Amino acid sequence: MTDSGRELDLVIYGATGFVGRLLADYLARTAPDGVRIALAGRSQTKLEDTRLALGPRAADWPIVLADADDPVALAELASRTRVVATTVGPYAKYGTELVTAAVAAGTDYVDLTGEVLFVRASIDAHHDKARANGVRIVHSCGYDSIPSDLGVHVLHQKVQADGAGELTDTTLVASLSGGVSGGTIDSLRTQIDVSRGDAALRRLAASPYSLSPDRAKEPDLGRQSDVAVVDGTDIAPQAAGWKAPFVMGSYNTRVVRRSNALQGWAYGRKFKYREVMSVGNSRLSRVYAAGVAAILGGLVLGLSVRPTRYVLDRILPAPGEGPSERTQRNGYFAMDIYTTTTTGARYASRVKAQGDPGYRATAVLLGESALSLVLDRDRLPAEVGVLTPATALGDVLVERLRNAGVEISARKL
């Protein structure tokens, strides 16, 4: 850890929210002694209550007051710390000013966004200046999109180490158990609202290369659907059963493609990537997969139409709400990524962790991402700018997550 002359090493912004409290609790238990952490948000009283609940290791953590739409307060916050980790979404509503403040102050930044349009805007507005200032703006450091991004990262490394060519057709199969995130629903709702009256934004959100640094240089690999129902035997012999569309596939795939492009298409110019979800391998798996596809399509349509939106807003989880302690504890995720290389070899990687994916597991993923920037900056990849987890944190984050109990592995099939 280097001392930049800043008062703080890490500020948790949104520390009184559901995920913010989980992140603060994780860091209070696991951050090494000497890491200077502060809690930030809008309410002094709520921040003090949060700090009190964290126990003696957090008793001296400072409190920083800053509203998401107060650029002066956010600029002061960013200038005081080396790294800021924010859980305050939807980021299109509440994240723009904080990214601006972090870039201007030369402060590294991590968040949990799964919003294509927000990240695209962040790239366009800040990538060049972040590079000039030596800053890492690292979006999507939770369940979206670390398992996807690091899973392909280690898969590529294994194939490369074996001299087995480059990645071609690559598919992530998600298995998970946990509660529904109110924040994820609100992010989807916000993106629908932002793009409702703008055909160009809708096309951008739908483009497979919406986060690419240079779309004109991307290879033409044909249609890459995010909503297909897929026969598992077309993925790999080990992936029996029909697979449903994965709810976050339309975001995670863009992040992984950006990682490939930022590294000069290191995964391969024929790298074709998709994400699906397991619904079991029984004879009814095709029916289940089609049902999931219909539900996801109905949710998007329902949130787009005012009468059904009114109903859904009253039954879907609200922002800041999360699952019970039991659901968080008993949840899990396993992401298995299968590929065929240009030499015809088959490989797979796995990223697996215990804990509700969008909450308890995400607190670990975001916490270790932030600590990578605080404690391991000298070992990180040299790239700076608006980055992805794989390109910003790479092997350092893989190592930290393995030490935190997350399985990250790759093998030849």
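Preceding this section is the structure that the text describes.
Since the model is a prediction, treat every value here as computed from it, not as a measurement. (Residues numbered from 1 in each chain as written. Predicted model: local features only at pLDDT ≥ 70, side-chain atom pairs only at ≥ 80, totals over all residues. Heavy atoms only, no water.)

Asker: Teacher, can you tell me more about the overall build of the protein chain here?
Answerer: Counting its regular elements, the protein chain contains 16 helices and 14 strands. In the protein chain, which comprises 413 residues, the share counted as buried stands at 53%. In the protein chain, 77% of the contacts between residues at least 6 apart in sequence involve partners at least 24 apart. As displayed, the protein chain offers around 17300 Å² of accessible surface, 51% of which is attributable to carbon and sulfur atoms. (Helix = DSSP H or I, 4+ residues; strand = E, 2+ residues; numbered from the N terminus. Buried < 20%, exposed > 50% of the residue type's maximum accessible area, 1.4 Å probe, protein only. Contact = heavy atoms within 4.5 Å. Areas by Shrake-Rupley, 256 points an atom, 1.4 Å probe, with all protein chains shown as cover.)

Asker: Can you walk me through the layout of surface pockets in this structure?
Answerer: The probe, sized like a water molecule, is rolled over the atoms to show the empty space still left. If you add up the space inside the second largest pocket, you get close to 320 Å³. Taken together, 22 residues make up the lining of the second largest pocket; nearest its centre are Asp169, Thr170, Thr171, Lys272 and Arg274. Residue assignment for the lining of the second largest pocket shows that the elements contributing at least two residues are β7 (167-177), β10 (272-278) and β11 (332-341). When residues of the lining of the second largest pocket are assigned to their parent elements, the largest contribution, five residues, is made by β10. A per-class count over the lining of the second largest pocket returns eight nonpolar, six polar and eight charged. (1 Å grid on protein atoms, 1.4 Å probe; cavity = no way out; pocket = protein on both sides within 12 Å on 5 of 7 lines; lining within 4 Å. Points joined across faces, edges and corners; volume = space filled by probe spheres on them. Nonpolar A, V, L, I, M, F, W, Y, C, P; charged D, E, K, R; others polar.)

Asker: Sorry if this is basic, but what is going on with the pairing of β10 here?
Answerer: Remember that side chains alternate between the two faces of the sheet whenever the strand is regular. Sheet topology places β7 next to β10; six bridges connect them, and they run parallel. By the bridge assignment, Asp169 is partnered in β10 with Lys272. Where strand β9 (residues 242-245) and β10 come together, three bridges link them in antiparallel fashion. By the bridge assignment, Ala244 is partnered in β10 with Met277. (Pairing = 2+ DSSP bridges.)

Asker: Where do I start with the packing of aromatic side chains in this structure?
Answerer: Aromatic ring pairs are defined here through the distance separating the ring centres and the angle between the ring planes. If you walk through the whole model with that rule in mind, you get six aromatic pairs. Centroid distance Tyr143 to Phe333: 5.1 Å. Interplanar angle 50 degrees. Geometry classified as tilted. With a gap of 190 residues between them, Tyr143 in the loop between β6 (136-138) and α7 (146-161) and Phe333 in strand β11 connect regions that are remote in the sequence. This pair shows no difference in class: Tyr143 is buried, exactly as Phe333 is. Three or more aromatic residues link up through ring pairs in this structure, and these residues are Tyr143, Phe246 and Phe333. Above the plane of the ring of Trp265 lies Arg269, whose end atom (NZ or CZ) is 4.6 Å from the centre. (Phe/Tyr/Trp six-rings, centres within 6.5 Å; stacked < 30°, edge-to-face > 60°. Lys NZ or Arg CZ within 6 Å of the ring centre and 35° of its normal.)

Asker: Explain unusual backbone geometry to me, please; I cannot follow it from the model alone.
Answerer: Leave glycine aside and you will find that most residues have negative phi; peptide bonds, for their part, are mostly trans. For the peptide bond that leads from Gly89 to Pro90, omega is 0 degrees, which places it in the cis range. As for its position among the elements, Pro90 is in the loop between β4 (81-86) and α4 (91-94). The peptide bond linking Asp144 to Ser145 adopts the cis configuration, its omega dihedral lying at 10 degrees. For Ser145, the location among the structural elements is in the loop between β6 and α7. One non-glycine residue, Ser140, lies in the positive phi region at around 65 degrees. On the secondary structure map, Ser140 appears in the loop between β6 and α7. For Ser140, a relative accessible area of 1% puts it in the buried group. Despite not being glycine, Trp265 has its phi angle at roughly 55 degrees, a positive value. Following the sequence through the fold, Trp265 ends up in the loop between α10 (249-262) and β10.

Asker: What is the right way to look at helix α5 (residues 96-105) in this model?
Answerer: Within an α-helix, residues lying three or four positions from one another point in the same direction, as the helix has 3.6 residues per turn. Listed as buried for α5 are Leu98, Val99, Ala101, Ala102 and Val103. On the buried face of α5, the contacting elements are β1 (8-13), α3 (71-80), β4, β5 (108-110), α6 (116-133) and β6. Looking one or two places after α5, you find Gly106, whose phi comes out positive at around 70 degrees.

Asker: What is the right way to look at the sheet that holds β11 in this model?
Answerer: Strand pairing in a sheet relies on backbone hydrogen bonds. The paired strands run either parallel or antiparallel. Reading across from one edge, β8-β9-β10-β7-β11-β12-β14 is the order of the seven strands in this open sheet, with mixed pairing throughout. Because the sheet does not close on itself, it has two edges, and the strands there are β8 (230-231) and β14 (407-412). Here β11 runs beside strand β12 (residues 346-354); their pairing, made up of nine bridges, is antiparallel. Counted as the bridge partner of Thr339 is Tyr347 from β12. Running over the sheet, α7 touches β7, β10, β11, β12 and β14 and is turned about 40 degrees from β11. (Axes fitted to C-alpha atoms, helices over the stretch in contact; angles between N-to-C directions.)

Asker: I keep staring at a nonpolar patch on the surface and nothing clicks. Help me out?
Answerer: Side chains of Leu284, Val287 and Tyr288 sit close together on the surface and give an oily, nonpolar patch of about 290 Å² of accessible area. Within the secondary structure, Leu284 sits in the loop between β10 and α11 (285-304). You can call Leu284 partly exposed: its relative accessible area is 45%. (Patch = residues over 30% accessible without salt bridge, like charges linked within 9 Å, V, L, I, M, F, W, Y side chains within 5 Å. Salt bridge = Lys/Arg side-chain N within 4 Å of Asp/Glu carboxyl O.)

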